[in-house]
Amino acid sequence: MNNFRIGNGFDVHALAEGLPMWLGGIRIEHNKGFVAHSDGDVLIHALCDALLGALALGDIGLHFPDNAQEFKGIDSKVLLERCMGLVGEKGYKLVNADCTILAQAPKLRPHIDRMRETLTPILGVPVDDLSIKATTTERLGFTGREEGVAVYATVLLCREE
Ligand code: MG
């Protein structure tokens, strides 16, 4: 059994006007929000996939099907808690996570510390062990046209002593 396991996750959600934007576990004021079965928190979904991927437990769609009534409109923080539960059941804990958000708008820098403060208690790590970065794609592609937002996440897990 390995002491360390790495995982990566990727997710995209489409943007539409007049919907609430939930990103990184917090509500962000913006004229658009995510089209989704859940609250559409694309950052949390990428993190969940990275955690599941590190343990080869499949993906978020397997554990939380988007046609299940149970998950309609669900707060994605609940999904993250469940993924961390699986990590614990397997005898692992998070070492650190690094996420990159690809979004043309809104400006995310002012919101990033609140995202880290919101998510790290669920992840069971200090704020310093969750990195969240944001970049535009220089107006190129679907993120650049503000049609959607994409997030990459990488996690490292280690076996609990
Ligand atoms: Mg998703």
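This one's a predicted model, so the numbers in the text were calculated from it and none came from an experiment. In every chain, residue numbers begin from 1 and rise along the written sequence. Predicted model: local features are reported for residues with pLDDT of at least 70 only, side-chain atom pairs are reported and counted for 80 or more only, and whole-chain, interface and lining totals are derived from all residues. Hydrogens and water molecules were not included; the side-chain quantities draw on all heavy atoms of the structure.

### Focus on the coordination of the magnesium ion
Part 1 of the argument: The magnesium ion binds to the protein through D11 (OD), H13 (NE2) and H45 (ND1), with metal-donor distances spanning 2.2 to 2.3 Å.
Part 2 of the argument: Distances decide who is a donor: an N, O or S atom must be within 2.8 Å of the metal, or within 3.2 Å for Na, K and Ca. Water is not included, so sites may look incomplete. The sequence pattern describing where the donors of the magnesium ion fall on their chain is D-x1-H-x31-H. Exposure class is identical for D11 and H13. Each is buried. Three exposure classes are used, based on accessible area relative to the maximum for each residue type with a 1.4 Å probe and protein chains only: buried under 20%, partly exposed in between, and exposed over 50%.

### Some details on the pattern of salt bridges
Part 1 of the argument: Here, a salt bridge means any side-chain nitrogen of Lys or Arg that lies within 4 Å of a carboxyl oxygen of Asp or Glu. As enumerated under the stated definition, the model contains 7 salt bridges in all.
Part 2 of the argument: Put simply, R82 and E70 hold a salt bridge, and the shortest N to O gap is 3.4 Å. Linking R82 in helix α3 (residues 76-89) with E70 in the loop between α2 (60-63) and α3, this pair joins segments that are 12 residues apart in sequence.
Part 3 of the argument: What makes R82 partly exposed here is its relative accessible area of 37%.
Part 4 of the argument: Accessibility expressed as a relative area gives 53% for E70, which makes it exposed.
Part 5 of the argument: Across the salt bridge formed by D113 and R116, the nearest N and O atoms sit 3.2 Å from each other. Within this pair, D113 and its partner R116 are both found in helix α4 (residues 112-123), separated by 3 residues, close to a single helical turn.
Part 6 of the argument: Under the relative-accessibility criterion, D113 is labelled partly exposed at 37%.
Part 7 of the argument: By relative accessible area, which is 17% here, R116 ends up buried. The numbering of helices and of strands both runs from the N terminus, where a helix is a DSSP run of H or I of at least 4 residues and a strand a run of E of at least 2.

### Considerations on the packing of α3 against α4
Part 1 of the argument: The axes are straight lines fitted to the C-alpha atoms, using for helices just the contacting stretch, and the angles between their N-to-C directions are given from 0 to 180°. In contact at an axis separation of 9 Å, α3 and α4 are set at 35 degrees when each is read in the N-to-C sense. Listed contacts from α4 to K77, L80, E81 and M84 of α3 are T118, L119, I122 and L123.
Part 2 of the argument: Residue composition of the contact of α3 with α4, by class: 5 nonpolar, 1 polar and 2 charged. The contact rule is simple, with two residues in contact once any of their heavy atoms fall within 4.5 Å. Classification convention: Asp, Glu, Lys, Arg as charged; Ala, Val, Leu, Ile, Met, Phe, Trp, Tyr, Cys, Pro as nonpolar; all other residues, Gly among them, as polar.

### As for the side chain of T137
Part 1 of the argument: Looking at the secondary structure, you find T137 in the loop between β6 (130-135) and α5 (141-144).
Part 2 of the argument: We define a polar contact as two N or O atoms separated by no more than 3.5 Å, with the added condition that, inside protein, one atom must be a possible hydrogen donor and the other a possible acceptor, whereas residues neighbouring each other in sequence contribute only through side-chain atom pairs. Within the structure, the side chain of T137 is placed 2.6 Å from the side chain of T143, a separation counted as a polar contact.
Part 3 of the argument: Once residues within four sequence positions are removed from consideration, T137 is found in contact with L102, Q104, T143 and G144.

### Quick look at unusual backbone geometry
Part 1 of the argument: In the segment running from A105 into P106, the intervening peptide bond is cis, with an omega of -5 degrees.
Part 2 of the argument: Structurally, the position occupied by P106 is in the loop between β5 (92-102) and α4.
Part 3 of the argument: Backbone geometry places A56, a non-glycine residue, at a positive phi of 55 degrees.

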